[in-house]
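Remarks on the overall topology
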Amino acid sequence: MTVKLGPNRYGKAETRLVRVVRDGTTHHIKDINVSSSLSGDMEEAHRTGSNAAVLPTDTQKNIVYAFARKHGVEEIEDFALLLARHYVSAYPSIHHARVEIEEYAWNRIPGGSRHSFVRDGGEVRTCVVHHDGDGRTTVVSGLTDLVVLNSTGSEFHGYIVDEYTTLQPTTDRILATAVTARWRHAGDGERPPYARVRACLLDAFAQTHSLSLQQTLYTMGERVLTTWPQVCEVRFALPNKHHFLVDLSPFGLDNENEVFYAADRPYGLIEGSVLREDAPDAGFAWE
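The present account deals with the structure reproduced in this document.

Further remarks concern the overall build of the chain. Counting secondary structure elements, the chain contains five helices and twelve strands. Summarising its shape, the C-alpha atoms of the chain cover approximately 75 × 65 × 40 Å along the three principal directions. Looking at the chain as a whole, 40% of its 287 residues are labelled buried. Of the contacts made within the chain by residues no fewer than 6 positions apart, 65% connect residues no fewer than 24 positions apart. Here the chain contributes 29 positive and 38 negative side-chain charges, whose respective centroids are spaced 9 Å apart.

So, in structure tokens, the structure goes:
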């Protein structure tokens with residue numbers, strides 16, 4: 001029997017970095033989590049145990065810290081690009097680099113000092129950058145756990161009904177989800193500001209009278225693509241955070257869409273992508 005080495009990569013996962021920039025007595029916080037994955041001439045490392053082509057994962061961790069000091073950390077996409085290009089250009093055995101970054105936001109404490117912060121309880125900002133030895137680069141920005149809710153303006157009816165169906169149709173329900181959205185940039189040029197894309201997602205969610213979470217998903221993606229030509233594809237994962245009306249009749253009480261039970265599981269999970277008809281091939285962007 002003949003065997004061969006299949007696709008492989010290695011790297012340092014979740015290098016946590018906090019950078020404090022001191023502008024006099026005013027401080028600025030950058031809190032990120034960096035993961036790198038490298039691939040290339042790894043045949044001998046797997047077959048014979050030779051590490052001649054291996055960049056230690058501990059070195060990858062140290063590069064993150066050193067580059068933060070040397071170059072600073074502004075937009076996470078730019079920092080990920082800097083790291084990915086370095087791995088491929090500086091080490092001949094590395095042909096492809098994938099760098100993923102999560103960013104955790106901190107807000108100043110109102111009325112506090114200019115160096116006092118409270119962790120933002122909202123979404124986590126993300127990005128994934130790929131770069132290879134042929135100069136091909138992809139950038140995907142995104143967010144996770146953006147929790148949103150419409151207390152009305154949502155319906156659900158007209159679905160398949162069979163002997164196992166117990167769900168009742170409704171023309172007025174709570175629609176809530178924790179948005180995971182990732183948007184692929186059409187090239188390596190100017191990227192739309194994260195806050196502006198986030199605003200598109202929120203505006204579309206709030207302004208859509210929804211007949212299904214699928215419709216809301218499509219509208220959110222469409223809003224981003226029609227607003228920002230630099231974005232060619234948006235992918236979503238939207239868990240349906242169900243809110244069920246509580247039956248208060250045993251207690252002699254009515255309940256006109258006022259008291260709900262918020263269920264955490266099981267939940268519907270709606271996933272999908274919205275892309276331009278002329279979107280360039282994704283290549284390795286979503287890997």
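Quick look at the sheet that holds strand β9 (residues 231-240) now. An order of β1-β2-β3-β6-β7-β8-β9-β12 is seen for the eight strands of this open sheet, with the pairing classed as antiparallel. A single partner strand is all that each edge strand has here, and the edge strands are β1 (15-23) and β12 (268-275). Taking each pair of neighbouring strands and ignoring which way they run, the sheet shows an average axis angle of 20°. Helix-sheet contacts for helix α4 (residues 194-207) involve β6 (124-132), β7 (137-150), β8 (175-185) and β9, and the interaxial angle to β7 is about 40°.

Let us now look at the environment of S37. Mapping S37 onto the fold places it in strand β2 (residues 26-40). Taking the C-alpha atoms as reference points, S37 and A199, separated by 162 residues in sequence, lie 31 Å from one another. Those residues in contact with S37, other than ones at most four positions away along the chain, are R9, Y10, G11, H96, A97 and R98.

This part is about the pairing of β1. Here β1 runs beside β2; their pairing, made up of nine bridges, is antiparallel. From the neighbouring strand, T15 faces β2, where its bridge partner is V34. What sits between the antiparallel neighbours β1 and β2 is a turn of two residues, in which G24 has the positive phi angle 65°.

Helix length check: α4 (14 residues) gives 20 Å between terminal C-alpha atoms against 20 Å at 1.5 Å per residue, within 8%. For α4, every residue scored as buried is listed here: Y194, V197, C200, L201, A204 and F205. Taken down its axis, α4 places every buried residue within 125° of arc, on the same side. In this structure, α4 carries A195, R196, A206 and Q207 as exposed residues pointing more than 90 degrees from its buried face. The elements touched by buried residues of α4 are β6, β7, β8, α5 (213-227) and β9.

Attention now moves to the state of the cysteines. A full pass over the atoms with the stated rule returns zero disulfides. In this model C200 remains outside any disulfide bridge; the closest cysteine sulfur is found in C232, 15 Å from its own.

Viewed as axis vectors pointing N to C, helix α2 (residues 57-71) and helix α3 (residues 76-90) meet at an angle of 125°, and their least axial separation amounts to 11 Å. Classed by the angle they form, the pair α2 and α3 counts as oblique. Crossing geometry of α2 relative to α3 is assigned as right-handed. Facing Q60, I63, V64, F67, A68 and H71 of α2, the residues of α3 in contact are F79, L82, L83, H86 and Y87.

The subject of this paragraph is the pattern of salt bridges. Close approach of charged atoms allows side chains of opposite charge to pair. Across all of its chains, the model carries 13 salt bridges by this definition. The salt bridge partner of K61 is D58, with a shortest N-O separation of 2.8 Å. Taken together, the residues K61 and D58, both in helix α2 and three residues apart, mark about one turn of the helix. On the basis of relative accessible area, K61 is assigned to the partly exposed category, the value being 25%. Put simply, K30, E75, E77, E103 and R125 are held in one network by salt bridges that share partners.

What the rule picks out here adds up to two aromatic pairs. Seen from their ring centres, F156 and Y159 are 4.9 Å apart, and the 20° between their planes marks the pair as stacked. In this structure Y159 comes out as partly exposed when scored by relative accessible area, which is 21%. Taken together, a centroid distance of 6.1 Å and an interplanar angle of 25° make the contact between W183 and Y194 stacked. Of this pair, W183 sits in strand β8 while Y194 sits in helix α4, and the two are eleven residues apart along the sequence.

Right, let's talk about the nonpolar core for a bit. One recurring pattern in soluble globular proteins: nonpolar side chains tend to sit buried together. Counting residues in each nonpolar core, the largest one holds 27 residues, and the members touching the most others are I32, F79, L83, Y87, V99 and I101. Taken together, the elements giving at least two residues each to this core come down to β2, α2, α3, β3 (94-104) and β6. When residues in this core are grouped by element, the largest group, eight residues, is from α3. Residues contacting Y87, with those up to four places away along its chain left out, are S36, L38, L55, Q60, I63, V64, I94, A97 and V99.

What counts as what
Residues numbered from 1 in each chain as written. Predicted model: local features only at pLDDT ≥ 70, side-chain atom pairs only at ≥ 80, totals over all residues. Heavy atoms only, no water. Helix = DSSP H or I, 4+ residues; strand = E, 2+ residues; numbered from the N terminus. Buried < 20%, exposed > 50% of the residue type's maximum accessible area, 1.4 Å probe, protein only. Contact = heavy atoms within 4.5 Å. Lys, Arg positive; Asp, Glu negative; His and termini not counted. Charge placed at Lys NZ, Arg CZ, Asp CG, Glu CD. Pairing = 2+ DSSP bridges. Axes fitted to C-alpha atoms, helices over the stretch in contact; angles between N-to-C directions. Expected span 1.5 Å × (residues − 1). Arc of directions from axis to C-beta. Disulfide = S-S within 2.5 Å. Parallel < 35°, antiparallel > 145°, perpendicular 65-115°, else oblique. Left-handed = near helix turned anticlockwise from the far one by under 90°. Salt bridge = Lys/Arg side-chain N within 4 Å of Asp/Glu carboxyl O. Phe/Tyr/Trp six-rings, centres within 6.5 Å; stacked < 30°, edge-to-face > 60°. Core = buried A, V, L, I, M, F, W, Y, C linked by side-chain atoms within 4.5 Å.

Treat this as a map of the structure, not an account of what it does.
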